[in-house]
Every structure is written in structure tokens, then in C-alpha cells.
Amino acid sequence: MLFSFFKRKPKDNLYTIAFYNLENLFDTKNDPNKLDQDFTPDGFKKWSMKRYKRKLYKLAKTISEVGNKSATTPPVIIGIAEVENDGVIEDLIGAEPLRDIDYGYVHYDSPDERGIDTALLYHKEYFSVLHSEPITLYVNNPDGVRDTTRDILYVHGTLNKEEVHIFVNHWPSRRDGEMETDYKRIKAAQTISEFMQQLETRYEIPNYIVLGDFNDDPQSESIQHLVNGRDLYNPMEKLHIPVQRGSANYQKSWSLFDQIMVSHSFLNHEKGTHSFAHANIFDEKFLMEFKGKYKGTPYRTYAGRKYIGGYSDHFPVYIQLKFNT
């Protein structure tokens, strides 16, 4: 965690954009169309209503506090990953820490066989949706069979009346090896780039916000392809300190798979527009394991089959935009 010697007073012209991988936010019901049996009372993880409600409260508390040391407003846009359906999203924004904030959401069921999707939460007072759609990621496994992975969620809307184009991502995992699965994440980057190309025939200088769990670090080929191909700015590059800091930790090694990138249009200071202020990892102590060999890493819900009772195996990441008046 980074600390400033002087405490700064939160500002009312800063707006927080966040991303949070929620680590398997499933309800307790068995959906016959999804591989969700583990997350049921009879499944091997013994996923109960008590555990579900406990997780909802913890996630809602975290979301409500992201960026609150420098901004007076709770996050206005939050991309989330690993949600099962509309119901769990409604339960999340209805949980006590968020229920008094007027959040709406955008979600589509994806073809992911486990049924885990991406979604966008937005503060209705500051953000309005103009259009949304899922962008299908067509990618095959080495055997030629389609990998039914998550869609990319596209949302076109207005933030304080300025138009923005948002892409929420959860790219294919490295489960079968980093090198062996590289091509899938490169294809995801190409898919977004091609979609942006089409947008640029209709919008002169579109404001892009690309956020998600990319299963790749800022220096990876897939991220570099997207950043360089579409002239994006990735502030997460400066935060990636593999030995000391990241958004997830695997075998005592930090990664920064969770990132937020923006178009260079956010580097201006024109009146009535937003400009990039700063970026950070929300790695507060309450989100960390507090003892043992995993001390300092994300305080997760499960470690394999063992119920830990924490928040998520990822820290949220966020940027803040300054509204120029």
C-alpha cells in the first residue's frame, strides 16, 4: 500500500472508476445449464445462504470504499467479473453497504460453461446508459473445439454528460499454461481493437475506458497489442511491481492482471470533460490475509476446497477522473 505523509481532503470533482474480480459470486441454487454444482449446499464447497450473504456484505463494503480517501463520491462505474446471473448482482447492490446508493447495472449471460459473467455497475446520478451489447469472443482450443469463454461487455453512456465507451473484460485464463493460451488473449485484444475501429467511423474522438481481468500483465503481448494498436494509456504499467505489489498472488508471486486503460482523450483538461488524475490498487489491510504464510495476499473466500471466509482472491483496481469545470 502507498501512503502519503500528508492526508489530502477528498475532492468532489474526482470520480472513481473501478474493476473488481469477485471470485465466484454464485447463488446457492443449482442451475442445470451451468457447471455450478460446487456452489450449492450439497456441493463439495458447502456453499450456504449464510456464506453467500456474508460474501455479499464484504464485497459491497469493499466497493463502497474504493477511492474514498480522495473522492467524496462512491465509485461511479464498477466493472465486475465472476458473477453468475442478474440475481446475484441485484443482491450485491441491495446489500447494506450499497443499498442506499442508486446503482444500476448492465449484464448479459455469456456462453461460459461455468456461468461466470462480467457486468457493469453504475451510479445513476452520474452515469446514463445509451447502448450496451455483448461482444462475442470467438476462439478455439488447440483441438479445434470452441472455447466458450466470457463475452466482452460493451457499454456506451454518458458520465457527467460526457460520452464514454466502456469495455468490461475477463479474458481466457492461463490454466493450460501461459504460452499455450497466449493466442486466446491476443485474439481478445484484436476483437476489441476491431470493434473500436468500427466505432471510430461513427465517433470522431471516442473516449475509451477498457477495464477487466485480462489474465495478462501490462507488459504482455496481448495488452501491448491493444494499447499500441489503439493508442491507449495504461496507468497500471507504473503500478506493476511483481516482487512487492499486484492485484492477485499465485505461489507467492504478484501479478497485475486487473487493469484499467483509457484513451489519450482523457489526458486533456478542457472544460466539461474528464481528465485522468491517478490510478491505484485498492489493497487495504482489511482485504489481506493477516497471518500465516499468505500474510499480505488477498483474503479470499476459498483456498481450494477449504472455506476461508474472506472477500476475493483479487484486489480491486481503480482510476480517478477529474471533471474539469
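Presented here is a report on the structure given in the accompanying data block. From a predicted model like this one, the values you see are computed outputs, not experimental measurements.

## A look at the pattern of salt bridges
At step 1: The final tally for this structure, using the stated rule, is 13 salt bridges.
At step 2: For arginine 245, the salt bridge goes to aspartate 283, with nearest N and O atoms at 3.1 Å. You can see arginine 245 sitting in the loop between β9 (232-233) and β10 (248-250) and its partner aspartate 283 sitting in the loop between β13 (274-281) and β14 (302-303), a full 38 residues away along the chain. Aspartate 283 carries the same exposure label as arginine 245, and that label is buried.
At step 3: For aspartate 313, the salt bridge goes to arginine 300, with nearest N and O atoms at 3.7 Å.

## Considerations on the packing of helix α1 (residues 49-65) against helix α2 (residues 86-93)
At step 1: Look at α1 against α2: their axes get within 9 Å of each other, and the N-to-C directions meet at 60°. Relative to α2, α1 is oriented oblique. Crossing geometry of α1 relative to α2 is assigned as right-handed. Contact residues: α1 offers Tyr52, Leu56, Leu59, Ala60 and Ile63, while α2 offers Gly87, Val88, Asp91 and Leu92.
At step 2: Its residues assigned to classes, the contact of α1 with α2 comprises seven nonpolar, one polar and one charged.

## Describing the sheet that holds strand β12 (residues 258-263)
At step 1: Reading across from one edge, β5-β6-β7-β8-β12-β9 is the order of the six strands in this open sheet, with mixed pairing throughout. Each edge of the sheet is formed by a strand with only one pairing partner; in this case those strands are β5 (127-135) and β9.
At step 2: Alignment of β5 against strand β6 (residues 152-159), held across eight bridges, turns out to be antiparallel. Of the residues in β6, the one forming a bridge with serine 128 is threonine 158.

## Comments concerning the pairing of strand β4 (residues 117-123)
At step 1: Here β4 lies mainly inside the structure; seven of its seven residues are buried.
At step 2: By the alternation rule, side chains of β4 split into Asp117, Ala119, Leu121 and His123 and Thr118, Leu120 and Tyr122, which are all buried.
At step 3: Looking at chain direction, strand β2 (residues 77-83) and β4 are connected through six bridges and run antiparallel. Within β4, the position partnered with alanine 81 by the bridge is threonine 118.
At step 4: The pairing of strand β3 (residues 103-107) with β4 spans five bridges and is antiparallel. Note on β4: the bridge partner recorded for valine 106 is leucine 120.

Thresholds, definitions, all that
- Residues numbered from 1 in each chain as written.
- Predicted model: local features only at pLDDT ≥ 70, side-chain atom pairs only at ≥ 80, totals over all residues.
- Heavy atoms only, no water.
- Salt bridge = Lys/Arg side-chain N within 4 Å of Asp/Glu carboxyl O.
- Helix = DSSP H or I, 4+ residues; strand = E, 2+ residues; numbered from the N terminus.
- Buried < 20%, exposed > 50% of the residue type's maximum accessible area, 1.4 Å probe, protein only.
- Axes fitted to C-alpha atoms, helices over the stretch in contact; angles between N-to-C directions.
- Parallel < 35°, antiparallel > 145°, perpendicular 65-115°, else oblique.
- Left-handed = near helix turned anticlockwise from the far one by under 90°.
- Contact = heavy atoms within 4.5 Å.
- Nonpolar A, V, L, I, M, F, W, Y, C, P; charged D, E, K, R; others polar.
- Pairing = 2+ DSSP bridges.

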